[in-house]
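Residues per chain, in single letters:
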Amino acid sequence: MSKVILVTGGARSGKSGFAESLCKEQNNSTAYIATSVAFDDEMKERVRKHQQNRPKEWKTYEIYKDIYKIIKEIGENHQTVILDCITLLVNNLMFADGIDVDNATEQEINELEAYIKDQVNKLIEEVRKTDLYFVMVTNEVGLGVVPSYKLGRVYCDFVGRINQMLGRLSDEVYFTVCGIPTKIKG
Ligand SMILES: Nc1nc2c(ncn2[C@@H]2O[C@H](COP(=O)(O)OP(=O)(O)OP(=O)(O)O)[C@@H](O)[C@H]2O)c(=O)[nH]1
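Trainee: Hey, could you run me through the pairing of strand 1 (residues 3-9) in this one?
Mentor: Within a regular beta strand, the side chains point alternately toward one face of the sheet and then the other, so they alternate between its two faces. For strand 1, the tally of buried residues reaches six of seven residues, placing the bulk of the element in the interior. Across seven bridges, the pairing between strand 1 and strand 5 (residues 133-139) is parallel. Directly across from Thr 8, in strand 5, lies its bridge partner Thr 138. The pairing of strand 1 with strand 6 (residues 172-177) spans five bridges and is parallel. Counterpart to Thr 8 in the pairing with strand 6 is Phe 175.

Laid out in structure tokens, this is it:
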């Protein structure tokens, strides 16, 4: 039976490190799903350090679209998965494959959100068919003020609602503040 865990928190709250420690405790074959795309040199350097610092035995998959399609294969070869992170998955689906949000109609925005939710739902559905210990990292993006520009508001709405959906679908949820994780579900 699978176990699905969601770790949320602000930027630099220690959420990725905590999620990795949960996976290390499992002490078995682990896959790392990276949803980020390194666009600039600073991000490339960040990614390089992450790769250097995680256990050499972990297998890395760099993917943000149709992740559900590789879950069966991952489930056959690994027992544990860390997906870092949901926020960049939403970001990339919005910008790489999505629409010009600033000039989009309400219907186009609703369709884009439905598409991203469908990607996330299918992912969890596939995970539930496996015995994976599946840890997802996300950002708690809505703790500040509501952005004054449309793109920011749409992004916060998408991530907030997808986090709520994942909160419902996860067996355990942790909230990380100042490097301290607190279990808020399970
Ligand atoms: N493409 C790619 N991205 C990676 C890889 N390893 C890590 N990342 C990305 O690095 C990001 C996490 O980096 P950080 O900015 O250091 O962490 P953070 O989540 O903001 O901060 P914390 O809350 O402290 O964890 C995630 O979005 C990952 O997708 C990799 O091998 N390839």
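Back to the text.
Trainee: I'm lost on the layout of surface pockets in this one. Help?
Mentor: Its volume calculated, the largest pocket comes out at about 640 Å³. Met 43, Arg 46, Asp 84, Cys 85 and Leu 88 are the residues nearest the centre of the largest pocket, which is lined by 28 residues in total. For the lining of the largest pocket, the elements supplying multiple residues, two or more each, are helix 1 (15-26), strand 2 (30-34), helix 2 (41-53) and helix 4 (86-95). For the lining of the largest pocket, the element with the highest residue contribution is helix 2, accounting for five residues. Here the lining of the largest pocket is composed, by residue class, of eleven nonpolar, ten polar and seven charged.

Trainee: Would you take a moment to explain the nonpolar core for this structure?
Mentor: Here is a general trend for soluble globular proteins: nonpolar side chains tend to be buried in one another's company. The biggest cluster of nonpolar side chains holds 38 residues, and the ones touching the most others in it are Val 90, Met 94, Phe 134 and Met 136. Elements with a minimum of two residues in this core: strand 1, strand 2, helix 3 (68-77), strand 4 (80-84), helix 4, helix 5 (106-128), strand 5 and helix 6 (150-169). Each residue touching Met 94, except ones within four places of it in the same chain, is listed here: Ile 99, Val 101, Leu 112, Ile 116, Leu 151, Val 154, Tyr 155 and Phe 158. Membership of the second largest hydrophobic core comes to 15 residues, among which are Phe 18, Tyr 32, Trp 58 and Val 137.

Trainee: I keep staring at the site of the ligand and nothing clicks. Help me out?
Mentor: Lining the immediate environment of the ligand, one finds 20 residues, of which Arg 12, Ser 36, Arg 54, Glu 62 and Asp 84 sit closest. Ser 16 is positioned with one of its backbone polar atoms (N or O) 2.8 Å from an oxygen atom of the ligand. One of the side-chain nitrogen or oxygen atoms of Gln 51 is found 2.8 Å away from an oxygen atom of the ligand. Protein burial of the ligand: of its 670 Å² of free accessible surface, 91% is covered by the chains. The site holding the ligand turns out to be the largest pocket. Contributions of two or more residues to the shell around the ligand are made by helix 1, strand 2, helix 2 and strand 3 (59-62). Considering every element that reaches the shell around the ligand, the biggest residue donor is helix 2, with four residues.

Trainee: Help me understand the environment of Met 1 in this model?
Mentor: By the secondary structure assignment, Met 1 is in the segment before strand 1. Along the sequence, Met 1 and Arg 128 sit 127 residues apart, while their C-alpha atoms lie 7.4 Å from each other. With near-sequence residues (within four places) excluded, Met 1 lies in contact with Thr 130 and Asp 131.

Trainee: What am I meant to see in helix 4 here?
Mentor: A turn of α-helix holds 3.6 residues, and therefore any two residues three or four places apart point the same way. Counted residue by residue, helix 4 has eight buried out of ten residues, so it is predominantly covered. Within helix 4, burial applies to Ile 86, Thr 87, Leu 89, Val 90, Asn 91, Asn 92, Leu 93 and Met 94. Structurally, helix 4 contributes buried residues whose contacts are with strand 4, helix 5, strand 5 and helix 6.

Trainee: Mind showing me how you'd approach the packing of aromatic side chains here?
Mentor: Aromatic ring pairs: the centre-centre distance and the angle between the two ring planes describe each pair. Taken as a whole, this structure holds one aromatic pair when the rule is applied. If you follow Arg 54 out to its NZ or CZ, it ends over the ring of Tyr 32, 3.7 Å from the centre. The positively charged end of Lys 59 is found above the aromatic ring belonging to Tyr 61, 5.0 Å away from the centroid.

Trainee: What is the right way to look at the pairing of strand 3 in this model?
Mentor: Across four bridges, the pairing between strand 2 and strand 3 is parallel. Its bridge partner lying in strand 3, Ala 31 is registered against Lys 59. Where the polypeptide runs from strand 2 across helix 2 and back to strand 3, its parallel neighbour, the crossover connection is right-handed.

Here is what the cut-offs are and how they apply
Residues numbered from 1 in each chain as written. Predicted model: local features only at pLDDT ≥ 70, side-chain atom pairs only at ≥ 80, totals over all residues. Heavy atoms only, no water. Buried < 20%, exposed > 50% of the residue type's maximum accessible area, 1.4 Å probe, protein only. Helix = DSSP H or I, 4+ residues; strand = E, 2+ residues; numbered from the N terminus. Pairing = 2+ DSSP bridges. 1 Å grid on protein atoms, 1.4 Å probe; cavity = no way out; pocket = protein on both sides within 12 Å on 5 of 7 lines; lining within 4 Å. Points joined across faces, edges and corners; volume = space filled by probe spheres on them. Nonpolar A, V, L, I, M, F, W, Y, C, P; charged D, E, K, R; others polar. Core = buried A, V, L, I, M, F, W, Y, C linked by side-chain atoms within 4.5 Å. Contact = heavy atoms within 4.5 Å. Near = heavy atom within 4 Å. Polar contact = N/O pair within 3.5 Å; in protein donor to acceptor, adjacent residues only side chain to side chain. Areas by Shrake-Rupley, 256 points an atom, 1.4 Å probe, with all protein chains shown as cover. Sits in = over half its atoms within 2 Å of the grid points. Phe/Tyr/Trp six-rings, centres within 6.5 Å; stacked < 30°, edge-to-face > 60°. Lys NZ or Arg CZ within 6 Å of the ring centre and 35° of its normal. Right-handed = clockwise from strand over helix to strand, strands pointing away.

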